[in-house]
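Notes for the structure review
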Amino acid sequence: MILIQLVLIVAIVALMIRFLSSRGSNQTQAWKKLLLMLFTALAIIFVVWPESLNTIAHFVGVGRGADLLLYSLIVAFVFQSFNTYLKGKEEQRRFAKVASKVAILEARLNNK
Amino acid sequence: MQDVYIIVPAYNESGVIYGVLSDLLKNFPNVVCVNDGSKDTTAQEVRKTKATLVTHPINLGQGAALQTGIEYALLDPKAKYFVTFDSDGQHRIEDVKKMLQEIRKDKHDILLGSRFLGEAKNITKVRKALLKAAVVFTRTTSGLKVTDAHNGLRVFNRLVAEGLNITMPDMAHGSEIIERIAEKKFRYKELPVTIQYTDYSQAKGQSALNAINVGFDIILNRIVKK
């Protein structure tokens, strides 16, 4: 096994453990954990047998495994960005609610 | 007029807010000015009047300011009618009186001011085109045949005040209110009002580019409905 494979596998496993130990018990959280485990399994397979990624790439009509990885990365990145944007909007809304309540309370106190 | 609350959202309006609130207070006893985290002396100017001052700790946007004002007014169980009124002096008090007379007939839950049924004095071509485009957009997304989507002058009853729940903090609230009317089937009507464009209100108005932000947010909000 070459060094890079070892480094990657350690990193992947560490990430998985880190995420799986995080709290949160609703359904979306559960799905995320299942997806993460799938990701970990695939990542390790591709690190240990890089040729398998090439084979899949050829099967779906992409030249190299590395290219396939790049395309998936772009899709995942855009998805993630969009998600973050929506989360930001939602946070903004919640924050506005709190600030609004503070303003009302303060005004009530001052006008007593 | 004890049952009427005038809600005036204000952001950096120190130059005109005193005059606008004073004129309102001559006609209406309950005026709530929501200072939306202004960086200038708006708060001090409001304190010089008898208007109630509600101050956002930070700037949240006009939609949030309106929602805060409505929630404050709702705390008074005697409040029956709610009026939103822009702080830059572009609306006329005669129009408010006319709208209040109409809503007291109890045929409608909400009355919307329309400058295109009425008069828009000194409006620029760009602004007119922009507002017309906003109307087409709002008509498409809400299905209501309104003629003016972004007029700050509105009069509504308690049912609407409780159900409006504006969540778009920024300028998108204009379309959001129309959509809410469609969604909750409020009885609505547009009344002609006169908008007096001054150099001041012109300069304070939204830039054309912001329309893209607003449009994007509204569409996004429709797609991602929880």
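The following paragraphs examine the structure supplied in this document.

How each quantity is defined
Residue positions are given per chain, counted from 1 along the sequence in the order it is written. The order in which chains are written sets their letters, starting at A; the order in which ligands are written sets their numbers, starting at 1. Thresholds applied to this predicted model are a pLDDT of at least 70 for local features of residues and 80 or more for the giving and counting of side-chain atom pairs; totals over whole chains, interfaces and linings are not thresholded and use all residues. In computing side-chain values, all of the structure's heavy atoms are included and hydrogens and water are not. Counting from the N terminus, the helices are DSSP H or I runs at least four residues long and the strands are E runs at least two residues long. Only C-alpha atoms enter the radius of gyration, while the globule expectation follows 2.2 Å times N to the 0.38, with N the number of residues. Partly exposed residues are those whose accessible area sits between 20% and 50% of the maximum for their type, while under 20% is buried and over 50% is exposed, using a 1.4 Å probe and protein chains only. We define a salt bridge as a side-chain nitrogen of Lys or Arg found within 4 Å of a carboxyl oxygen belonging to Asp or Glu. Residues count as neighbours in contact if any of their non-hydrogen atoms are within 4.5 Å of one another. What makes two strands pair is DSSP finding at least two bridges between them. Helix span is expected to be 1.5 Å times the residue number reduced by one. What the arc describes is the spread of directions from the helix axis to the C-beta atoms. We define the nonpolar core as a collection of buried residues of types Ala, Val, Leu, Ile, Met, Phe, Trp, Tyr and Cys that are connected through side-chain atoms lying within 4.5 Å of one another.

Of regular secondary structure, chain A possesses four helices and zero strands. For chain A, the sequential pattern of α-helices and β-strands runs α-α-α-α. Here the C-alpha atoms of chain A give a radius of gyration of 22 Å, more than 25% beyond the 13 Å that 2.2 N^0.38 yields for 112 residues. The principal-axis extents of the C-alpha atoms in chain A amount to approximately 75 × 30 × 25 Å. For chain A, the proportion of its 112 residues judged to be buried stands at 18%.

Here the focus is the pattern of salt bridges. Residues and elements named next belong to chain B. If you walk through the whole model with that rule in mind, you get 17 salt bridges over all chains. Linking aspartate 23 and lysine 26 is a salt bridge whose minimum nitrogen-to-oxygen distance equals 3.3 Å. Taken together, the residues aspartate 23 and lysine 26, both in helix H1 (residues 17–27) and three residues apart, mark about one turn of the helix. For lysine 105, the salt bridge goes to glutamate 102, with nearest N and O atoms at 3.2 Å. Put simply, Arg92, Glu94, Asp95 and Lys98 are held in one network by salt bridges that share partners.

Further remarks concern the environment of A:Ser100. When you line up the elements, A:Ser100 lands in helix H4 (residues 65–110). For A:Ser100, a relative accessible area of 6% translates into the label buried. A:Ser100 has contacts with B:His56, B:Leu60, B:Thr68 and B:Glu71, leaving out every residue within four places of it along the chain.

Our focus in this paragraph is the pairing of strand S4 (residues 81–84) of chain B. All names here are of chain B. Residues of S4 alternate between two faces, with Tyr81 and Val83 on one and Phe82 and Thr84 on the opposite face, all of them buried. The pairing of strand S1 (residues 4–10) with S4 spans four bridges and is classified as parallel. Within S4, the position partnered with tyrosine 5 by the bridge is phenylalanine 82.

All names here are of chain A. Spanning 18 residues, helix H1 (residues 3–20) covers 26 Å between terminal C-alpha atoms, matching the ideal 26 Å at 1.5 Å per step. Among the residues of H1, those classed as buried are Gln5, Ile9, Ile12 and Met16. The buried residues of H1 all sit within an arc of 65° when viewed along its axis, so they share a single face. Of the residues in H1, the exposed ones pointing more than 90 degrees away from the buried face are Leu3, Val10, Ile17 and Arg18.

This part is about the nonpolar core. When a protein is soluble and globular, its nonpolar side chains tend to lie buried together. Core analysis: the largest hydrophobic core is formed by 29 residues, its most contacted members being B:Val54, B:Ile70, B:Phe82, B:Ile110, B:Phe156, B:Leu164 and B:Ile181. Where this core is concerned, the elements lending two or more residues are H4 of chain A together with S1, strand S2 (30–35), helix H3 (62–74), strand S5 (110–121), helix H6 (158–164) and helix H7 (173–184) of chain B. Considering every element that reaches this core, the biggest residue donor is H3(B), with six residues. For B:Ile110, the contacting residues outside a window of four places in its chain are B:Ile103, B:Val155, B:Phe156, B:Val160, B:Ile177, B:Ile181, B:Phe186, B:Arg187, B:Tyr188 and B:Lys189. Counting residues in hydrophobic clusters, the runner-up holds 28 residues, among them B:Val4, B:Leu21, B:Met99 and B:Val193.

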